[in-house]
Amino acid sequence: MNALYKVHGHSRNLAADGMALWYVKEPRQIGSVFGGADQFTGLGIFIDTYKNGGGTGAFPQVSGMVNDGTVDYNHDDDGNDQNLGSCYAMVRNREHDTHMSIKYKKQILTVSVDVDGQGNWRQCFVKTGLVLPCGYYATGC
Ligand SMILES: [Ca+2]
């Protein structure tokens, strides 16, 4: 899946809390996790524009989480203890388009970003040994 997105807002400093791309068992579940349901079943890729926790990572942050339908997303810590991986990605209030690539093949999830408008893809994170079922729904929210 490749996604083209723009994240804009009037505030230069305060922007919360982000958006997500989903590959989930149940489509269109509205909730508190970047617009999607908490305790989702599947994969969420998060573009988190606001640092809630006290971790050392820089924001905006792209991260991923797999859930079996039983775990609450930890908003207070930006999911730091739940992430498959993460990276800094300056995606907000850019004058150009920003891009994300989400590839899943042979149990390897690779998330890459292109945020500088120059076509320079940078690997965000890779998770190996990840088993995702076929037939889930891919949505943006
Ligand atoms: Ca956050």
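Residues numbered from 1 in each chain as written. Predicted model: local features only at pLDDT ≥ 70, side-chain atom pairs only at ≥ 80, totals over all residues. Heavy atoms only, no water.

## A look at unusual backbone geometry
Item 1. Residue Pro 60 is bonded to the preceding Phe 59 through a cis peptide linkage, with omega at 5°.
Item 2. Tracing the backbone shows Pro 60 in the loop between β4 (41-48) and β5 (61-68).
Item 3. For Gln 39, which is not glycine, the phi torsion reads 55° and is therefore positive.
Item 4. Locating Gln 39 in the fold gives a position in the loop between β3 (30-33) and β4.
Item 5. When its relative accessible area of 38% is taken as the criterion, Gln 39 is described as partly exposed.
Item 6. One non-glycine residue, Lys 106, lies in positive phi territory at about 50°. (Helix = DSSP H or I, 4+ residues; strand = E, 2+ residues; numbered from the N terminus. Buried < 20%, exposed > 50% of the residue type's maximum accessible area, 1.4 Å probe, protein only.)

## Focus: the packing of aromatic side chains
Item 1. For the structure shown, the criterion picks out seven aromatic pairs.
Item 2. On the numbers, 5.5 Å between centres and 35° between planes, the contact of Tyr 23 with Tyr 136 is tilted. Taken together, the residues span a long stretch of sequence, with Tyr 23 in strand β2 (residues 18-24) and Tyr 136 in the loop between β9 (122-128) and β10 (137-140) at a distance of 113 residues. Both residues of the pair, Tyr 23 and Tyr 136, count as buried.
Item 3. Three or more aromatic residues joined by ring pairs make a cluster, and in this case those are Trp 22, Phe 34, Phe 40, Phe 46 and Tyr 73. (Phe/Tyr/Trp six-rings, centres within 6.5 Å; stacked < 30°, edge-to-face > 60°.)

## A word on the nonpolar core
Item 1. Core analysis: the largest hydrophobic core is formed by 22 residues, its most contacted members being Ile 45, Val 62, Met 100, Leu 109 and Val 111.
Item 2. Elements with a minimum of two residues in this core: β2, β4, β7 (98-105), β8 (108-114) and β9.
Item 3. Excluding residues within four positions of it along the chain, Leu 109 makes contact with Leu 43, Ile 45, Leu 84, Ile 102, Lys 103, Tyr 104, Phe 125, Val 126, Lys 127 and Leu 130.
Item 4. Of all hydrophobic cores here, the second largest spans nine residues; its members include Val 24, Val 33, Phe 40 and Tyr 73. (Core = buried A, V, L, I, M, F, W, Y, C linked by side-chain atoms within 4.5 Å. Contact = heavy atoms within 4.5 Å.)

## Observations concerning the coordination of the calcium ion
Item 1. Protein-derived coordination of the calcium ion comes from Asp 17 (OD), Asp 48 (OD), Asp 48 (OD), Tyr 50 (O), Asn 52 (OD1) and Asp 78 (OD), at a distance range of 2.2 to 2.6 Å.
Item 2. Here the calcium ion binds six donor atoms, and the angle range of 53 to 161° at the metal identifies the geometry as irregular.
Item 3. The sequence pattern describing where the donors of the calcium ion fall on their chain is D-x30-D-x1-Y-x1-N-x25-D. Here Asp 17 is found in the loop between β1 (2-5) and β2, whereas its partner Asp 48 is found in strand β4, with 31 residues between them in sequence.
Item 4. In this structure Asp 48 comes out as buried when scored by relative accessible area, which is 1%. (Donors = N, O, S within 2.8 Å, 3.2 Å for Na, K, Ca; no water. Tetrahedral: all angles 85-135°; square planar, octahedral: opposite > 155°, others 65-115°.)

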